[in-house]
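Here are the chains, one letter per residue:
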Amino acid sequence: MARNVSTQRKIVVTVVAWTIGILIFFPILWTFLTSFKTEAEAIASPPSLFFFDWTTENYHEVQSRSNYFLHFMNSVVVSFGSTLIGLIIAIPSAWAMAFSPTKRTKDVLMWMLSTKMMPSVGVLVPMYLLFRNTGLLDTRTGLVIVLTLINLPIIIWMLYTYFKEIPGEILEAARMDGASLTKEIIYVLTPMAIPGIASTLLLNIILAWNEAFWTLNLSAAKAAPLTAFIASYSSPEGLFYAKLSAASTMAIAPILILGWFSQKQLVRGLTFGAVK
Amino acid sequence: MATLHTRSAARLMIAPSVLLLLAWMIVPLAMTIYFSFLRYNLLMPGMEEFAGFSNYSYFLTDPAFFQAIFNTLAIVLGVLFITVVGGIALALLLDQPMFGQGIVRILVIAPFLIMPTVAALVWKNMFMNPVNGLFAWVAKLFGLQPFDFLANAPLMSVILIVAWQWLPFATLILLTALQSLDEEQKEAAQMDGASAWSRFIYLVLPHLSRAITVVILIQTIFLLSVFAEILVTTNGGPGTQSTNLTFLVYAQALLQFDVGGASAGGIIAVILANIVAFFLMRMIGKTLEA
């Protein structure tokens, strides 16, 4: 009897949850479907959900008209570059703070976090001028520098919370056995820390890929990542829904897939370990 | 001996991050403060002169500034309201046993992973457009006049788009918090005859209060500087109807080339964000001790 009620309840919950889930997801689904329509079908009334002549023409068009691949590569270089450099700088710091904490470690961590609270617009003017005067405007190097700096606090914090969960006794044992600091890091810490480092890497690539303040303001044509490239579709130039959808689908697909694999890490990283 | 050795090694390892962040924090911010006291326009190079507080008084008496402050608050509060209330409801729903829970979770999380420019352009063109948008088609289906969202309710439209992007964030964090609620406590309350509503008010909500605070504070930090969504949908307009503080400073700097004025605006934005950051830091600092 009780089982029966709970099955009924489960079915009702399932229907409601799926309906809401599909509604929330619908704009993304619609973009995906529109990317396979012709421009005429994209604005046809009534719109058709699945029954149209599927075509991949838009994907070719986007590439041939605007060198989509260049912007895609800009996104790849900028997000992976800034993440890897950030990790190289952050791993030693997080390691040191997790395993040989001093009285000031907490203050240092909090201070690092506070740099993340500074609104970007507060330093927009000097960054723009510095970049203009040093020739970094609209270069991949410039974007990598800025994105490394803005995400460094998150990288350190995430790594710190992961490293803290590694039992310190194991490291001590290695040290007793005469392992040097370098060996300790390479053979003992790294294998245990890899899951944490991987999650940090994943989350940071997502954040860097989607960053849309500095990429919009500091890049124009040459170094524009996908965020800035897609923004160029905001000026209306006739029928372009299908091409916008194709460009958008390619821009969001890699991150959607990465993000789905890292749901748990998203929570932890985005709340600086405050919610696990 | 060994501790001394590791301690100095530790300092050496922390140094690069600290120095980089220190430079990142101090150099541009000091420049912004310096510029904010100058009469400095990029169109008139070599004409810089000390201007005292005139940039600040210009900014603080500009009607666009008050509109921008109002819009900034409206975006923050509007999005917070939608995402926190919606997030609690969705988290409670997703916490129930159902078929295909994992897939629903994935569907709900997706908007958070979409880059802001894509999200904004998709909503602007394919949904809110008064001629070709889906909303217009639905309106016509019911015999209504299509509504031009971005022209007639620009601020509300921006709030809707941003809320769509942040609802998954609130949901995901509240769901994570909800799942750490002791199952036995819930059962005990149920056995004692507590109704679903009073279980929610006296058990679930207090348990979620920490996560709700974290969601509010972190979202506020990001929502204070919404930018891309405004840039590609309304460009701050019509007029300044959807200009927030971030966008106003951007327009002053990169469209009017007024370095001094934009810097003063930037400093005001920093002060506002710091007020929020103060509370957030205290929250996170407490968890560090726990």
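Since the model is a prediction, treat every value here as computed from it, not as a measurement. (Residues numbered from 1 in each chain as written. Chains lettered and ligands numbered in written order. Predicted model: local features only at pLDDT ≥ 70, side-chain atom pairs only at ≥ 80, totals over all residues.)

Peer 1: Would you take a moment to explain the overall build of chain B for this structure?
Peer 2: Helix and strand content of chain B: 13 helices and two strands. On C-alpha atoms alone, chain B measures out to a radius of gyration of 24 Å, which is more than a quarter above the 19 Å that the 2.2 N^0.38 rule sets for 290 residues. In terms of its C-alpha atoms, chain B occupies a principal-axis envelope of roughly 80 × 75 × 30 Å. For chain B, the residues scored as buried account for 42% of the 290 residues in total. (Helix = DSSP H or I, 4+ residues; strand = E, 2+ residues; numbered from the N terminus. Rg over C-alpha atoms; globule rule 2.2 N^0.38 Å. Buried ≥ 20, exposed ≤ 12 C-beta atoms within 10 Å, placed from the backbone.)

Peer 1: Mind showing me how you'd approach the UniProt feature "transmembrane region" (unreviewed entry) in chain B here?
Peer 2: Residue and element names in this part refer to chain B. The positions that UniProt labels "transmembrane region" (unreviewed entry) are, in the present scheme, residues 12-37, 64-94, 106-123, 155-179, 200-227 and 247-280. For residues 64-94, helix accounts for 100% and strand for 0%, while the C-alpha atoms at its two ends are 43 Å apart. Secondary structure content for residues 106-123 is 67% helix and 0% strand, and the end C-alpha separation is 20 Å. (UniProt positions renumbered as here; feature names shortened; annotations may be inferred.)

Peer 1: It is not clear to me how the environment of Ile268(B) should be interpreted in this structure. Could you clarify?
Peer 2: Structurally, Ile268(B) is set in helix 13 (residues 259-289). It is 32 Å that separates the C-alpha atoms of Ile268(B) and Leu174(B), two residues lying 94 residues apart in sequence.

Peer 1: Is there a simple way to think about the UniProt feature "transmembrane region" (unreviewed entry) in chain A in this case?
Peer 2: All names here are of chain A. When the UniProt feature table is mapped to this numbering, "transmembrane region" (unreviewed entry) covers residues 12-33, 68-96, 108-131, 143-163, 184-209 and 240-261. Segment residues 143-163 splits into 100% helix and 0% strand. End C-alpha atoms: 29 Å apart. Annotated as residues 240-261, this span is 95% helix and 0% strand, and its ends, taken at the C-alpha atoms, are 32 Å apart.

Peer 1: Looking at this model, I keep getting lost on the confidence of the model for chain B. Mind explaining?
Peer 2: Chain-level pLDDT for chain B is 86 on average; 97% of the residues reach the 70-or-more range. Scored as a whole, the predicted complex attains pTM 0.88, and scored at its interfaces, ipTM 0.86. (pLDDT = per-residue confidence, 0-100.)

Peer 1: I tried to follow the UniProt feature "domain: ABC transmembrane type-1" (unreviewed entry) in chain B on my own but got confused; where do I start?
Peer 2: Mapped onto the present numbering, the UniProt feature "domain: ABC transmembrane type-1" (unreviewed entry) falls on residues 69-280 of chain B. In this annotation, residues 69-280 of chain B is assigned 76% helix and 0% strand; the end-to-end C-alpha distance for the span is 21 Å.

Peer 1: Looking at this model, I keep getting lost on the domain arrangement of chain A. Mind explaining?
Peer 2: In many analyses, interface size is given as the accessible surface area lost on bringing the parts together. Residue and element names in this part refer to chain A. Domain parsing of chain A yields domain 1 (2-58) and domain 2 (66-270). On a C-alpha basis, the centres of domain 1 and domain 2 stand 33 Å from each other. With ten residues of domain 1 at the interface, the matching set in domain 2 holds eight residues. (Domains from an automatic or database assignment. Contact = placed C-beta atoms within 7 Å.)

Peer 1: Please clarify how the interface of chain A and chain B should be interpreted in this entry.
Peer 2: If you look at the interface, chain A gives 82 residues, while chain B gives 82 residues. If you tally residues by element for the side of chain A that touches chain B, the top one is helix 1 (residues 2-34) of chain A, at 15 residues. In the side of chain A that touches chain B, the residues fall into 60 nonpolar, 20 polar and two charged. (Nonpolar A, V, L, I, M, F, W, Y, C, P; charged D, E, K, R; others polar.)

Peer 1: Looking at this model, I keep getting lost on the confidence of the model for chain A. Mind explaining?
Peer 2: Do not read the predicted coordinates in detail wherever pLDDT is low. Mean pLDDT for chain A: 85, with 95% of residues reaching 70 or above. No element of chain A has a lower mean pLDDT than helix 13 (residues 263-270) of chain A, at 73, and none a higher one than helix 4 (residues 68-99) of chain A, at 92.

Peer 1: When you look at the environment of Asn244(B) in this model, what are you seeing that I'm missing?
Peer 2: Residue and element names in this part refer to chain B. As for its placement among the helices and strands, Asn244 is situated in the loop between helix 11 (228-233) and helix 12 (245-255). Residue Asn244 is classed as buried on the basis of its C-beta count, with 31 C-beta atoms lying within 10 Å. The sequence separation of Asn244 and Ile69 amounts to 175 residues, and the corresponding C-alpha distance is 6.5 Å. Contacts of Asn244, omitting those with residues within four sequence positions, involve Ala68, Asn71, Thr72, Ile75, Val226 and Ile230.

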